[in-house]
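The chain contents come next:
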Amino acid sequence: MRPMLALLLLMVFPTVAASQTANPRFGRWLLKSDAPAPASNIMTYEPLGATGMKVTIQSVNAKGDTARWWYATDFDGREMPVTGNASQTHAAVRAISPFVNEIVNLNNGRVTQRLTNVLSPDHNTIAVIYMRQDADNRTTAVTFATYLRIP
């Protein structure tokens, strides 16, 4: 009986440990918007390395034009290169808490935007505060967005 219990525990604990360490942000997120189709914005968060994440943004505007860009982060605040976005050359992501990340977008060394990204306790909604910054590091606009988890 004990060997059977030991075998069962060995099978269950790695699964439990893996599910506890997986980032609840991983997955696809659709911007909640009243814009008519084809306009859309989808963020995809994928695991990268032991603790990192690849962030991909794919958007479609009202004319049907698409844009796709991405970057990687280890949540350590380091500036990482952004691929595919002409107005953003780097992104720096820092984990404030398990539910809150701070993201700083840069264009050729100048901060252009600061974001606060908040994951809901049920892990099904992300709220984002976007703060645009001018060349003097002053906030010029603040906008809000809500993303919903999608399959």
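Just so we're clear, the structure is a prediction, and the values are computed from it rather than from any experiment.

A. Summary view of the sheet that holds strand S6 (residues 90-95). Taken in spatial order, the 10 strands make up an open sheet running S4-S3-S2-S1-S10-S9-S8-S7-S6-S5, and their pairing is antiparallel. Because the sheet does not close on itself, it has two edges, and the strands there are strand S4 (66-73) and strand S5 (76-81). Recorded for the sheet is a direction-independent mean angle of 20° between the axes of neighbouring strands. As paired elements, strand S1 (residues 27-31) and strand S10 (residues 139-150) share four bridges and run antiparallel to each other. Following the sheet pairing, Trp 29 is matched in S10 by Arg 149.

B. Looking closely at the side chain of Asp 134. One can find Asp 134 in the loop between strand S9 (125-133) and S10. For Asp 134, a relative accessible area of 19% puts it in the buried group. A polar side-chain atom of Asp 134 sits 2.9 Å from the main-chain amide nitrogen of Arg 138.

C. Molecular detail of empty space enclosed by the protein. Within the structure shown, the criterion is met by one cavity of 30 Å³ or more. Empty space within the largest cavity amounts to approximately 40 Å³. Along the walls of the largest cavity sit Arg 25, Tyr 45, Met 53, Val 55, Tyr 71, Val 93, Asn 101, Ile 103 and Asn 117, which together make up its complete lining. Taken together, the elements giving at least two residues each to the lining of the largest cavity come down to strand S3 (52-60) and strand S7 (100-107). Here the residues of the lining of the largest cavity sort into six nonpolar, two polar and one charged.

D. Examining a nonpolar patch on the surface more closely. A cluster of nonpolar side chains, contributed by Ile 129, Val 142 and Phe 144, occupies part of the molecular surface with about 290 Å² of accessible area. According to the relative accessible area criterion, Phe 144 is exposed, its value standing at 63%.

E. Focus on the environment of Thr 56. As for its position among the elements, Thr 56 is in strand S3. Sequence separation between Thr 56 and Met 43 is 13 residues, and the spatial gap between their C-alpha atoms is 5.7 Å. When residues no more than four places from it in sequence are discounted, the contact partners of Thr 56 are Ile 42, Met 43, Thr 44, Glu 46, Arg 68, Trp 69 and Trp 70.

Reading the values: rules and limits
- Residues numbered from 1 in each chain as written.
- Predicted model: local features only at pLDDT ≥ 70, side-chain atom pairs only at ≥ 80, totals over all residues.
- Heavy atoms only, no water.
- Pairing = 2+ DSSP bridges.
- Helix = DSSP H or I, 4+ residues; strand = E, 2+ residues; numbered from the N terminus.
- Axes fitted to C-alpha atoms, helices over the stretch in contact; angles between N-to-C directions.
- Buried < 20%, exposed > 50% of the residue type's maximum accessible area, 1.4 Å probe, protein only.
- Polar contact = N/O pair within 3.5 Å; in protein donor to acceptor, adjacent residues only side chain to side chain.
- 1 Å grid on protein atoms, 1.4 Å probe; cavity = no way out; pocket = protein on both sides within 12 Å on 5 of 7 lines; lining within 4 Å.
- Points joined across faces, edges and corners; volume = space filled by probe spheres on them.
- Nonpolar A, V, L, I, M, F, W, Y, C, P; charged D, E, K, R; others polar.
- Patch = residues over 30% accessible without salt bridge, like charges linked within 9 Å, V, L, I, M, F, W, Y side chains within 5 Å.
- Areas by Shrake-Rupley, 256 points an atom, 1.4 Å probe, with all protein chains shown as cover.
- Salt bridge = Lys/Arg side-chain N within 4 Å of Asp/Glu carboxyl O.
- Contact = heavy atoms within 4.5 Å.

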